[in-house]
Amino acid sequence: MAATPPVAPAASAPAPRERPAPPRAPRRSARTTPGRAGRRIGPRTLLVTAVAWLLAAVFVLPYLEMVVTALRPANELRDPTYLPEHFAWSNFVDVWRESTLGGNLRVTLLVAGGSTLLALLVALPAAYYTARVRYRGRRLFLLLVLVTQMFQPTSLLVGLYREFYQLHMLNSVWTLILCNAAFNLAFTIWILTAYIGSIPVALEEAAMIDGLGRLGALRRVVLPLAMPGVVTAVIFTFIAAWNEFVMGLTLSTEPDSQPLTVGINGFVGNYTVQWNYLFAGSVVAIVPVVVLFAFIERQVVSGLTAGSVK
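Remember, it's a predicted structure, so these values are computed and weren't measured experimentally. (Residues numbered from 1 in each chain as written. Predicted model: local features only at pLDDT ≥ 70, side-chain atom pairs only at ≥ 80, totals over all residues. Heavy atoms only, no water.)

Concerning the overall build of the chain
So, point 1. Secondary structure assignment for the chain yields 13 helices and 0 strands.
So, point 2. Listed by position from the N terminus, the elements making up the chain come as α-α-α-α-α-α-α-α-α-α-α-α-α.
So, point 3. Looking at the chain residue by residue over its 310 residues, the buried ones come to 33%.
So, point 4. Taking the intrachain contacts of the chain between residues at least 6 apart in sequence as the baseline, contacts between residues at least 24 apart amount to 70%.
So, point 5. Of the roughly 21400 Å² of accessible surface on the chain, a fraction of 66% belongs to carbon and sulfur atoms. (Helix = DSSP H or I, 4+ residues; strand = E, 2+ residues; numbered from the N terminus. Buried < 20%, exposed > 50% of the residue type's maximum accessible area, 1.4 Å probe, protein only. Contact = heavy atoms within 4.5 Å. Areas by Shrake-Rupley, 256 points an atom, 1.4 Å probe, with all protein chains shown as cover.)

Topic: helix 3 (residues 101-132)
So, point 1. The end-to-end C-alpha distance of helix 3 is 46 Å, a good match for the 46 Å that 32 residues give at a rise of 1.5 Å each.
So, point 2. Of all the bends in helix 3, the greatest reaches close to 30° and is centred on Ala-123; the proline Pro-125 follows between one and four positions later. (Expected span 1.5 Å × (residues − 1). Bend = angle between axes of the 7 residues up to and from the residue.)

Section: the pattern of salt bridges
So, point 1. All told, the structure shown has 1 salt bridge when counted by the stated rule.
So, point 2. The salt bridge partner of Arg-132 is Glu-204, with a shortest N-O separation of 2.3 Å. One end of the pair, Arg-132, is in helix 3; the other, Glu-204, is in helix 7 (residues 201-209), with 72 residues separating them in the sequence. (Salt bridge = Lys/Arg side-chain N within 4 Å of Asp/Glu carboxyl O.)

Describing the environment of Trp-89
So, point 1. Residue placement: Trp-89 occurs in the loop between helix 1 (43-70) and helix 2 (91-97).
So, point 2. The spatial distance from the C-alpha of Trp-89 to the C-alpha of Ala-280 is 9.7 Å, given a sequence separation of 191 residues.

A few points about the layout of surface pockets
So, point 1. Reported here for the largest pocket is a volume of approximately 230 Å³.
So, point 2. If you go around the largest pocket, the residues you meet are Thr-148, Gln-149, Phe-151, Pro-153, Asn-180, Phe-183, Asn-184, Phe-187, Phe-236, Ala-240, Glu-244 and Met-247.
So, point 3. Among the elements of the structure, helix 4 (138-150), helix 6 (173-197) and helix 9 (227-242) are those that each provide at least two residues to the lining of the largest pocket.
So, point 4. Looking at the lining of the largest pocket residue by residue, the class counts come to 7 nonpolar, 4 polar and 1 charged. (1 Å grid on protein atoms, 1.4 Å probe; cavity = no way out; pocket = protein on both sides within 12 Å on 5 of 7 lines; lining within 4 Å. Points joined across faces, edges and corners; volume = space filled by probe spheres on them. Nonpolar A, V, L, I, M, F, W, Y, C, P; charged D, E, K, R; others polar.)

Description of the confidence of the model for the chain
So, point 1. Across the chain, the average pLDDT comes to 79, with 83% of residues at or above 70.
So, point 2. Confidence scores differ between elements of the chain, with helix 13 (residues 297-304) showing the lowest mean pLDDT of 59 and helix 3 the highest of 90.
So, point 3. For residues 29-35, every residue scores under 50 in pLDDT, and the model assigns this stretch 8 contacts once sequence neighbours within four places are set aside. (pLDDT = per-residue confidence, 0-100.)

Topic: the packing of helix 7 against helix 8 (residues 214-225)
Think of two packed helices as two axes; the pair is described by the angle between the axes and how far apart they sit.
So, point 1. Here helix 7 crosses helix 8 at 140°, and the two axes come no closer than 9 Å. The orientation of helix 7 with respect to helix 8, classified from their angle, is oblique. Remark: the crossing between helix 7 and helix 8 carries right-handed chirality. On helix 8, the residues that touch Leu-203, Glu-204, Ala-207 and Met-208 of helix 7 are Arg-214, Ala-217, Val-221, Val-222 and Leu-225. (Axes fitted to C-alpha atoms, helices over the stretch in contact; angles between N-to-C directions. Parallel < 35°, antiparallel > 145°, perpendicular 65-115°, else oblique. Left-handed = near helix turned anticlockwise from the far one by under 90°.)

Some thoughts on empty space enclosed by the protein
So, point 1. Under the definition given, this model contains 1 cavity of 30 Å³ or more.
So, point 2. Roughly 30 Å³ of volume is contained in the largest cavity.
So, point 3. Among the residues forming the lining of the largest cavity, the class breakdown is 4 nonpolar, 2 polar and 1 charged.

Some details on the nonpolar core
So, point 1. Counting residues in hydrophobic clusters, the biggest one holds 19 residues, and the most contacted among them are Tyr-128, Leu-192, Ile-196, Val-222 and Ala-226.
So, point 2. The contact partners of Tyr-128, leaving out residues within four places of it in the chain, are Ile-196, Glu-204, Arg-214, Leu-218 and Val-222.
So, point 3. Ala-112, Phe-238, Trp-242 and Tyr-277 belong to the second-largest nonpolar core, a separate cluster that totals 14 residues. (Core = buried A, V, L, I, M, F, W, Y, C linked by side-chain atoms within 4.5 Å.)

Quick look at the side chain of Asn-180
So, point 1. Structurally, the position occupied by Asn-180 is in helix 6.
So, point 2. A distance of 2.6 Å separates a polar side-chain atom of Asn-180 from the backbone oxygen of Leu-176.
So, point 3. With sequence-adjacent residues up to four places away left out, Asn-180 is seen in contact with Val-111, Ser-115, Ala-240, Ala-241, Glu-244 and Met-247. (Polar contact = N/O pair within 3.5 Å; in protein donor to acceptor, adjacent residues only side chain to side chain.)

Details of the environment of Gly-102
So, point 1. With respect to the helices and strands, Gly-102 occurs in helix 3.
So, point 2. Expressed as a C-alpha distance, the spacing of Gly-102 and Gly-263, which sit 161 residues apart in the sequence, is 9.4 Å.

Here's the deal with unusual backbone geometry
So, point 1. Non-glycine residue His-168 carries a positive phi angle of around 55°.
So, point 2. Considering the arrangement of structural elements, one finds His-168 in the loop between helix 5 (157-166) and helix 6.
So, point 3. With a relative accessible area of 74%, His-168 lands in the exposed category.
So, point 4. Even without being glycine, Asn-171 reaches a positive phi, approximately 60°.

Here it is as structure tokens:
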């Protein structure tokens, strides 16, 4: 019987190579650890912060003085003390009873809202066409828009008064809406043209390939992307119409048809000034604008910086 050859032992698998351990990061001390807890504040940062707070106080102090004066009783208006001894909260109630401030506020809301809507409806198609189409005379059109922005309402008041007088449109809310929309139209077109021009055309082309028309692409693609620019145009047009004074004083002579800025001016008489009612009305006039601007401040910054970075 033949002997079976010896079986060679199976070769053992090679041991895996040990990977070298990664070098340890140097331990950071508490002074160099990033974050608020370990970050050192340099003297330059402290100086800039102090200057910023100082500038903020300089701009806020007049508004604080206005609020304090609005709460002063009539017999304490000439007191040298900064804070009144008795706060007259009734000034904000009396200013509505003894004047036409309620009707003036309603006129201002209608004028500011109507002129903003009208300017946006006219400026949006013009800005879209100007940003997308390189037509002949495009630069001339933009130059004309810029030139119209340079005109001041005071230089055109005589002609506007005669025109609306012949049309029997004095003391009308529609007159103030048309004038405010016309004077803010140039700024609205410029803002929207810059923002729509920063949106890639390929997005619209892709939407039109999927079956949308030009208006559909504008409504579903361009308009949502251009919303920061639209919000910027809306807020600046609204504030300009809200704070307008000269046209309201000239084109509206009846107290009930005057805007809020003109109605507040009624507390300034020939011989006396009702400072408490004047400042109470001013507080009522600025609060809605401040609240509106605080809510959409991020959109305004994004719209103003449109086209600055490529």
